[in-house]
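Secondary and tertiary structure notes
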Amino acid sequence: VQLQASGGGLVQAGGSLRLSCAASGRTFSSYAMGWFRQAPGKEREFVAAISWSGGSTLYADYVKGRFTISRDNAKNTVYLQMNSLKPEDTAVYYCAAKILLVDVVSVVTGTTKAKEYDYWGQGTQVTVSS
């Protein structure tokens, strides 16, 4: 599967952005999807994940209550709605796909670890100014 992330940009602190990740292929609904981010000089970190049906979601503590992950399997697209953005949210954001037939995203199913994902998009830059 090929992933194409978009929607990044420059926004002031407190603002919002919505990232999109479009996937090719006919088996999109077989994949759990995740968003990760990487700031300069830092390791890639988990942001959010969603199960194949959308019925299970998981968030990192530092985005919980501000970000919302969702998906539209009919459009082969996963979204990340980011509200109340902070300067520390500045990073390149990546979407990723993991083959996961169990309809649960959790630490146990490996959906918080970058190495557990099978496919990656190219990343989109998000910059939050103070």
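Use the structure listed above.
In this report, the structure presented in the accompanying data block is examined. All of these numbers come straight from a predicted model, not from anything done at the bench. (Residues numbered from 1 in each chain as written. Predicted model: local features only at pLDDT ≥ 70, side-chain atom pairs only at ≥ 80, totals over all residues. Heavy atoms only, no water.)

Within the chain, the regular secondary structure consists of 0 helices and 11 strands. In the chain, the succession of helices and strands from N to C terminus is β-β-β-β-β-β-β-β-β-β-β. The C-alpha atoms of the chain give 13 Å as radius of gyration, which agrees with the globular expectation for 130 residues (14 Å, within 12%). Reported as C-alpha extents along the three principal axes, the dimensions of the chain are approximately 40 × 30 × 25 Å. Evaluated residue by residue, the chain yields a buried proportion of 46% over its 130 residues. (Helix = DSSP H or I, 4+ residues; strand = E, 2+ residues; numbered from the N terminus. Rg over C-alpha atoms; globule rule 2.2 N^0.38 Å. Buried < 20%, exposed > 50% of the residue type's maximum accessible area, 1.4 Å probe, protein only.)

This paragraph deals with the nonpolar core. If you look at the biggest cluster of nonpolar residues, it comprises 38 residues, and the most contacted ones within it are Met 33, Trp 35, Leu 80, Met 82 and Tyr 93. At the level of secondary structure, the elements contributing two or more residues to this core comprise β1 (3-6), β3 (17-23), β4 (31-38), β5 (45-50), β7 (67-72), β8 (77-82), β9 (91-99) and β11 (124-129). (Core = buried A, V, L, I, M, F, W, Y, C linked by side-chain atoms within 4.5 Å.)

The phi torsion of most residues other than glycine is negative, and most of the peptide bonds are trans. Positive phi, close to 55 degrees, is recorded for Asn 76, a residue that is not glycine. Among the secondary structure elements, Asn 76 is positioned in the loop between β7 and β8. Even without being a glycine, Ser 84 presents a positive backbone phi close to 50 degrees. Secondary-structure assignment places Ser 84 in the loop between β8 and β9. In this structure Ser 84 comes out as partly exposed when scored by relative accessible area, which is 41%.

It is worth spelling out the pairing of β8 at this point. For β8, a buried count of 5 out of 6 residues is recorded, marking the element as mostly surrounded by other parts of the structure. Direction of pairing for β3 relative to β8: antiparallel, over a ladder of 6 bridges. Residue Cys 21 lies in a different strand from β8, and its bridge partner there is Val 78. Alignment of β7 against β8, held across 6 bridges, turns out to be antiparallel. In the sheet register, Asp 72 faces β8, and the bridge partner there is Thr 77. In this antiparallel pair of consecutive strands, β7 and β8, the connection spans 4 residues, and Asn 76 shows a positive phi of 55 degrees. (Pairing = 2+ DSSP bridges.)

Attention now moves to the environment of Gln 2. Looking at the secondary structure, you find Gln 2 in the segment before β1. According to the relative accessible area criterion, Gln 2 is exposed, its value standing at 61%. Sequence separation between Gln 2 and Ala 96 is 94 residues; the distance between their C-alpha atoms is 9.5 Å. Those residues in contact with Gln 2, other than ones at most four positions away along the chain, are Ala 22, Ala 23 and Ser 24. (Contact = heavy atoms within 4.5 Å.)

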